[in-house]
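Residue-level structure breakdown
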Amino acid sequence: MKDASVELIAKEEASERKPTELYKIWCASATWYYTNSDAAIEYDGQTYQPAAITRGSAEYNAALEAAVMKVTMSLITVPATQFIAQNPIETVWVEISRIFRDQSPYEKLVVFIGQIKTAAIKGTTAEIDCVSFEFALRMAVPRYRYQINCNHQVFDALCGAAKASYKVSAVIALDAGKTILTAAAFDEYDDGYFVGGLLEYAGETRTIVGHTGASISINYKMINLEDGKTVDAYPGCDGRPETCRDKYDNIIHFFGFPWIPEDNPAMRV
C-alpha cells in the first residue's frame, strides 16, 4: 500500500480541513461513482458525479477498524432506486475515500470499504447501513436446508432454468398508482403464472405479487415507468416439485425433500 505523502498528512492534520469525499458503489453488474462535491471530479480514470450523498461517523471494532458506516443518499440516485422494494439481492460493495481538491495530483485516503447490509427508505432519502468486508467472513449461514421446497432460487446457476427462455416482453398500461400493469401478453398465461416472479425495467427490479388475466401487480411502483413502456416479466416459482416439473420441466435439478414426514413422533401426546 502506498504511504501518504507529507503534504497529505499535513492537510489531514490541519486545523481547517476541507476534504471532498468519493463514493464508489459496485456490484457484479454495474459500478457507480459519486462525490459530495458540487462538481464532477476526475480521479484514476473515472468521473465521480456530484450527488446528494453523505455519511455518518464510523463505528470501530476492537482492532480500531471501521466496522459499520451509515450512508444517506437521495432516493433518485442509482442504486438507491433499486432498494425501494427490497434490500439488495446481490452483494453491493461501497468504498468511501477522501481527497483534497487543492492538492495536485490528488491523493486518495480510503475511509471505509464494506458492503451494503440493509437499506431503509425515509421520505426522499435512502439510509444505507454498510458493514466492513470482514462481516461476510464471519457470517454463519447454512448453505442448504432440510425442507420440503427446493433450496434453489429460480433461474440461479444451480436451478439451471434458462431465464431468457421465460422472458415475456410487453408494452404496458399503468393504473394511477403505478403498481398494476396491463398488457395483452400477460393474458396468454394462466392466472398466477407470474406471481413470485420479477418485473424488470431500465435497471429496476420489482417482485410480482399478483397476476390475473391481462394484469399483473408489483409490490412498489417503479420511479421511471410510464404508460406505453416495454417491460420484461419473468414467472415465479413456489419451490414445489410439481411446479419444477410441470412449469419448468426441470425436475432433474430439484433440490428439496418433499417426502419429509409431517407427523413428528416427538410431538405426540
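Source: prediction; values computed, not measured.

Some thoughts on the packing of aromatic side chains
Applying the stated criterion to the full structure yields 12 aromatic pairs. Ring centres of F155 and Y166 lie 5.7 Å apart, and the angle between their planes is 40°; on these two criteria the pair is classed as tilted. A residue pair is termed long-range when its members are at least 10 positions apart, and F155 in the loop between α2 (134-138) and β11 (168-171) and Y166 in the loop between α2 and β11 qualify at 11 residues. The same class applies to F155 as to Y166, namely buried. Relative to F194, the ring of F186 has its centre 5.6 Å away and its plane inclined at 70°; by these criteria the two rings are edge-to-face. On the basis of relative accessibility, which here comes to 0%, the residue F186 falls in the buried class. Its relative accessible area of 0% is what places F194 among the buried residues. One cation-aromatic arrangement involves K24 over W26; the distance from NZ or CZ to the ring centre is 4.7 Å. Positioned over the ring face of Y193 is K247, at 4.6 Å from the centre of the ring.

Let's talk about the pattern of salt bridges
Where charged atoms from two side chains of opposite charge come close, those side chains can pair. Scanning all chains against the criterion turns up 11 salt bridges. A salt bridge links D238 to R240; the shortest N-O distance between them is 2.8 Å. The class for D238 is partly exposed, based on a relative accessible area of 41%. Taken together, the shared-partner salt bridges in this structure form one network comprising D238, R240 and E242.

What about the side chain of T35?
If you trace the backbone, T35 turns up in strand β2 (residues 31-35). Overall, T35 belongs to the buried group, its relative accessible area being 0%. From its side chain, T35 meets the backbone oxygen of E21 in a polar contact 2.9 Å long. Here T35 is in contact with T20, E21, L22, I41, Y48, Q49, P50, A51 and I53, once residues within four sequence places are set aside.

Section: the nonpolar core
By size, the foremost hydrophobic cluster in this structure holds 25 residues, and its most contacted members are I172, L181, F186, F194, L199, L225 and V231. Every element with two or more residues in this core is listed here: β11, β14 (198-201), β16 (215-218) and β17 (230-234). Broken down by element, the residue count for this core peaks at 3 residues, all from β17. The residues touching L181, leaving out its near neighbours within four places in the chain, are I172, A173, L174, F186, L199, A214, S215, I216, I218, L225 and V231. Core analysis: the next-biggest nonpolar cluster, separate from the first, contains 23 residues, W32, M73, V94 and F112 among them.

Basis of the calculations
Residues numbered from 1 in each chain as written. Predicted model: local features only at pLDDT ≥ 70, side-chain atom pairs only at ≥ 80, totals over all residues. Heavy atoms only, no water. Phe/Tyr/Trp six-rings, centres within 6.5 Å; stacked < 30°, edge-to-face > 60°. Helix = DSSP H or I, 4+ residues; strand = E, 2+ residues; numbered from the N terminus. Buried < 20%, exposed > 50% of the residue type's maximum accessible area, 1.4 Å probe, protein only. Lys NZ or Arg CZ within 6 Å of the ring centre and 35° of its normal. Salt bridge = Lys/Arg side-chain N within 4 Å of Asp/Glu carboxyl O. Polar contact = N/O pair within 3.5 Å; in protein donor to acceptor, adjacent residues only side chain to side chain. Contact = heavy atoms within 4.5 Å. Core = buried A, V, L, I, M, F, W, Y, C linked by side-chain atoms within 4.5 Å.

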